[in-house]
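Residue-level structural notes
Residue strings, one per chain:
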Amino acid sequence: MHFSLSGTLPVEMHGFLLAAVENLVPNVFLELFFVLQLLTCRSPPAPEADRDSLCASGQDMLERGYFRDVHNCVYFAVKVLENQFELVSHLDKGTLRLLAENERVGLFAPALRDRLALAQDNSTAKVSPSLPAFIHSVPFQPATDNRSNFSCDKAFHIFKKQRDIFYELLRDWEDFHKEPGWDFEAALGSRVRMMVSQLTAAGNHAHFARLFQKQLVQMCKEPGVRGSFGEAPDADVLSILGADGLSRLKRLQERLIQPQGFMGPCPPPSFPGYQEFFRDFLQTASCCQLNQHLKDSMCQELLLLDEVSILGSPAGGSGGEEEGDGDMDQQDEKQRFSSVLLVARLLAKFLGFISFLPYHTSDPPSKEIQQAAIALRSKSSPVLDVCAVLRSCVRRRRLVLTVPWLVEFLSMMDYTGPYLPCFRAALGLLLHLYRRVLLGRGAEMCYLNQLLLVAVLGWLFQIPVFPEDLVFSEELDFSEETLAGSQGLDTLPLVEQQLLYTCCPFLGEFRKLLAAFVAGSSAKSGGLIRKITPTSADAEPRDQPTTRSQQKLQMELEQAFFHNQPPSLKRTVDFVAERVSSNCVKHIKATLVAELVKGGERTLREALALESANVAKLNDAICTQLCDKGKQAHERATRFCSEKGPEAIRVLLPEETSPAVLSTSESITTRLATEKACTWLSSNITALIKREWKVVFDRVLKTLPSPPTPSADMLAAPQTQTPTDAQKVGGGPASGPTDCPSECTHQAPRASNVITEIKEVLSIAVGPRAEDEVLTIQQLQALLNRARDTLECRKFLSVVPEQMLVRSTVMLACRLVSGELPLFSPMDRAGLRALLEQLASLWGSSPLPSIPLHLLFTSSNLTAVLNNADNCHHFRVLVQLLLEKGLLGKEDVVSHWRSLLELSWTMESIEKIQELSISSVPPTPVSLPRHRDVLQISQ
């Protein structure tokens, strides 16, 4: 019979679905793999005569032929995918994409195809080829590796040699193990056993076991690690071809690198990547002392990891170590959980390997031999009490952390191990737990947490050593007391899709199955898999990839060098490189750029002396010439960094630093500083030269008696100040530099020089450097005259220097009226009034920008004024002069007095302020605030 698109599944098929949903089958993912095989099958229809056997009453239910043609297979597979969509939606992006693009899914269930496309966008899991990491040795640990931790000098020196030999073996394995015919035993066996014999002679097993375990964790914690620098393997290719085709290049890489053979959803236990080296090392060494030390150390570390706190703060608590964003805290918890889980799985795997290594055989033993082995091995205690650990994790709701590493440990069992009482009881507990973790049911555990448990347990039940009869037996059950707890890691969303695929790489087999179907369809119909077209790389020299490979190797060697040194050394090198590169850039600006611009100025003046000179073309030619000469910056930068880098690093490093370390640090510092400086100069030297040249070009044109009219794009826009809402304190619009008076000779002092002179005078007010450092009234008058000349000559004056000069004169007035300026002799009131009149005339004689006269009414200035009666008189005179010249308005003065009275003053000071305000603005006296009784002077 046929299943129609609108029909229903037979009762037997509903039973199959129920068994998969209720975890009554040993492996849920194996059933899903079978469903995808039905979806992609190409079997021809069965003969018509055989179809009647489907309804034969005397045939066994499991032997009936339910699917008689491809139509029925695909229909059943699509229905299962619809019913189990939540499980399917957590597969990786590639699998979901292939499912969504499968034409059979589109024909039988268009709505399912749309849901799969949407799930593909939300998926975060990716299956990428595993690439080896660069070998980093475990850094020296003074607490455990120094001389005091060894019994004698001989043992200490032997261990250092053993450490070197161990890393030599590791690098030799990395270089040659993929060559055809290479064998670990034949190539490295004698060296391994010689090193282990030295361990026995010196008694260094504990030290080497610690080194072995740390190196194992460092290199094999994450099987999919790409490298220590985070650099994609196709970086060299991308640098040649460009990054536009990044996704296409990555797909090409996967097609060329990723294994295409099928392992199925239940592959046997293996040791991928660098794990193979550590496994072969232990097998070849065959050292019982080393194995015992490793078992003790790994078992202790596992129990500690199983108890480690994953949460940042206590569950249910109101506080924590620090308050922060909830999403960040949750992400930290996920990263911490992932790190602990991966380390625990790795250690448990090797602990199980070492524990069951003496009992491993290539073939299952006979029943008699197995019974004798069970009776003998049951008398000894296992290295790990699996049942106790499992019951504890169930009680504390930490299944998601403990079960995955227990599975790794049990997967290393030999054929007799599952029949030992201690391990058979643990397997029974895991079976019962597997049937209770129903995907998508129960709010006590997150879905991805459930999925991880179901995946690892289902894989364990399918390995070759697992007894099939145990799957369908009911031997043990959890008591209700063990499930009383409700808080724990199982209730937290700690598992992410990528972690699921890291712990269960066999889930990538779904993608291979679908990809093989697409490839077969393409071979027949011609189209889904396109031919790989070679891409030309003529844009780069042929020797460039070799140079990049050398650079990459150089960086890896530097990282390895710093890995074996104190962390402070790398920080010092980075700091020195940063400062040397910064100083190098400043040196280039002050020397090379200045020299080039000065030479260009000479060339410009000589050319402008000719009446036929074209200013626009001349400017272009000189600017281009200067930019070409700016290429010298790289050579100068290299020379500067080569000289200054080693000098600086030698000063900062300790004198006890060895010559080899010092030399390497100097080389790395020089390289880093040169790269930083040259990178900056490559991007900015041209713009820097153009900017400096433009300033010189404008200045030269302004100094010409009758400057030629350059083109609009070559000359800077005339400096004008757009009228704004800013007004003078006394009224009148803000103005900027305008044309000079007709009688101006343009010989006025530069604004920067005058500002510097006024700052020198103000610094004397702060504190004279000597007792005889005083000022005379003639010096101040001459200074104000120079300031007037500078403000009147508008040719070389820009807005910012003008504003700074005006502000400096206001500050000078504040020091005069407050009596803080040391004078040669006490100045009479007439002399000081003349200076104040000169200042008021300076501010009102020419159009100036906004004058900051509010500085006269600051609390600090007024405090100094109130200390002396003469100061009050001078202050009152200055305010009256400003009112008479219209630089201050009456309302402005009243507003300033009122704002002053809002501050904290003593009653005596307030009375003086009242007198000043009444005398300066008689018609409008300022009232005393009523809410202040006892006030303190605010400094």
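Because the structure is predicted, anything quoted here is derived from the model rather than measured. (Residues numbered from 1 in each chain as written. Predicted model: local features only at pLDDT ≥ 70, side-chain atom pairs only at ≥ 80, totals over all residues. Heavy atoms only, no water.)

1. A short note on the overall build of the chain
- Looking only at helices and strands, the chain features 37 helices and zero strands.
- Across the 939 residues in the chain, those meeting the buried criterion constitute 45%.
- Contacts in the chain between residues far apart in sequence, at least 24 positions, make up 81% of those at least 6 positions apart.
- Total accessible area on the chain stands at roughly 48,700 Å², and carbon and sulfur atoms take up 54% of it. (Helix = DSSP H or I, 4+ residues; strand = E, 2+ residues; numbered from the N terminus. Buried < 20%, exposed > 50% of the residue type's maximum accessible area, 1.4 Å probe, protein only. Contact = heavy atoms within 4.5 Å. Areas by Shrake-Rupley, 256 points an atom, 1.4 Å probe, with all protein chains shown as cover.)

2. So, the confidence of the model for the chain
- Of all residues in the chain, 70% have pLDDT values of 70 or greater, and the mean over the chain is 75.
- Scored below 50 in pLDDT, residues 525–546 makes 18 contacts in the model with residues more than four places away or belonging to other chains.
- Scored below 50 in pLDDT, residues 706–737 shows 53 contacts in the model against residues more than four places distant or in partner chains. (pLDDT = per-residue confidence, 0-100.)

3. Side note on the pattern of salt bridges
- Counted under the stated rule, the structure contains 26 salt bridges.
- One salt bridge connects Glu496 with Lys334, and the closest N-O pair in it is separated by 3.7 Å. Linking Glu496 in the loop between helix 22 (447–460) and helix 23 (497–503) with Lys334 in helix 17 (residues 326–356), this pair joins segments that are 162 residues apart in sequence.
- Classification of Glu496 as partly exposed rests on a relative accessible area of 31%.
- Here Lys334 falls in the buried class, since its relative accessible area comes to 18%.
- Lys694 is the partner of Asp698 in a salt bridge, and the nearest nitrogen-oxygen pair spans 3.3 Å. Here Lys694 and Asp698 lie together in helix 29 (residues 659–703), a separation of four residues that amounts to about one turn.
- Overall, Asp698 belongs to the buried group, its relative accessible area being 16%.
- Here the salt bridges do not stand alone but share partners, grouping Glu168, Asp172 and Arg191 into one network. (Salt bridge = Lys/Arg side-chain N within 4 Å of Asp/Glu carboxyl O.)

4. As for the environment of Pro364
- Inspection of the secondary structure assignment puts Pro364 in the loop between helix 17 and helix 18 (367–377).
- In sequence terms Pro364 and Asp414 are 50 residues apart; their C-alpha atoms lie 8.8 Å from each other.

5. Quick word on the packing of helix 20 (residues 399–410) against helix 21 (residues 421–436)
- It is at 12 Å that the axes of helix 20 and helix 21 come closest, and there the two elements cross at 135°. As far as their axial angle goes, helix 21 and helix 20 are oblique. Note on packing geometry: the crossing formed by helix 20 with helix 21 is left-handed. Residues Leu399, Val403, Phe409 and Leu410 of helix 20 pack against Phe423, Leu427, Leu430 and Leu433 of helix 21. (Axes fitted to C-alpha atoms, helices over the stretch in contact; angles between N-to-C directions. Parallel < 35°, antiparallel > 145°, perpendicular 65-115°, else oblique. Left-handed = near helix turned anticlockwise from the far one by under 90°.)

6. Structural notes on unusual backbone geometry
- Positioned with a positive phi, Ser286 is a non-glycine residue whose angle comes to about 50°.
- When you line up the elements, Ser286 lands in the loop between helix 15 (275–285) and helix 16 (288–307).
- For Ser286, a relative accessible area of 58% gives the class exposed.

7. Quick notes on a positive patch on the surface
- Positive charge collects at one region of the surface, where Arg579, Lys586, Lys589 and Arg691 lie side by side.
- Counting residues per element, the positive patch draws most heavily on helix 26 (residues 567–608), at three residues.
- Inspection of the secondary structure assignment puts Lys586 in helix 26.
- Owing to a relative accessible area of 49%, Lys586 belongs among the partly exposed residues under this scheme. (Patch = residues over 30% accessible without salt bridge, like charges linked within 9 Å, V, L, I, M, F, W, Y side chains within 5 Å. Lys, Arg positive; Asp, Glu negative; His and termini not counted. Charge placed at Lys NZ, Arg CZ, Asp CG, Glu CD.)

8. Some points on the environment of Cys393
- If you trace the backbone, Cys393 turns up in helix 19 (residues 386–395).
- Through-space distance from the C-alpha of Cys393 to that of Val403 is 8.3 Å; in sequence the pair is 10 residues apart.
- Those residues in contact with Cys393 that sit more than four places away from it in its chain are Arg398, Leu399 and Thr402.

9. A short note on helix 19
- Across the 10 residues that make up helix 19, a large majority, seven, are buried.
- In the core, the buried residues of helix 19 are packed alongside helix 16, helix 20 and helix 21.
- Following helix 19 by one or two positions, Arg397 has its phi on the positive side, about 55°.

10. Quick notes on the side chain of Arg345
- Tracing the sequence through the fold places Arg345 in helix 17.
- Under the relative-accessibility criterion, Arg345 is labelled buried at 12%.
- The contact partners of Arg345, leaving out residues within four places of it in the chain, are Pro404, Trp405, Glu408, Thr502 and Cys503.

11. Here's the deal with helix 26
- With 42 residues, helix 26 extends 60 Å between its outermost C-alpha atoms, agreeing within 8% with the 62 Å of an ideal straight helix rising 1.5 Å per residue.
- The largest bend in helix 26 is about 30°, located at Ile588. (Expected span 1.5 Å × (residues − 1). Bend = angle between axes of the 7 residues up to and from the residue.)

12. Some details on the state of the cysteines
- Enumeration over the complete set of coordinates arrives at zero disulfides.
- Free cysteine Cys73: the closest other cysteine sulfur is in Cys41, separated by 3.9 Å.
- Under the relative-accessibility criterion, Cys73 is labelled buried at 9%. (Disulfide = S-S within 2.5 Å.)

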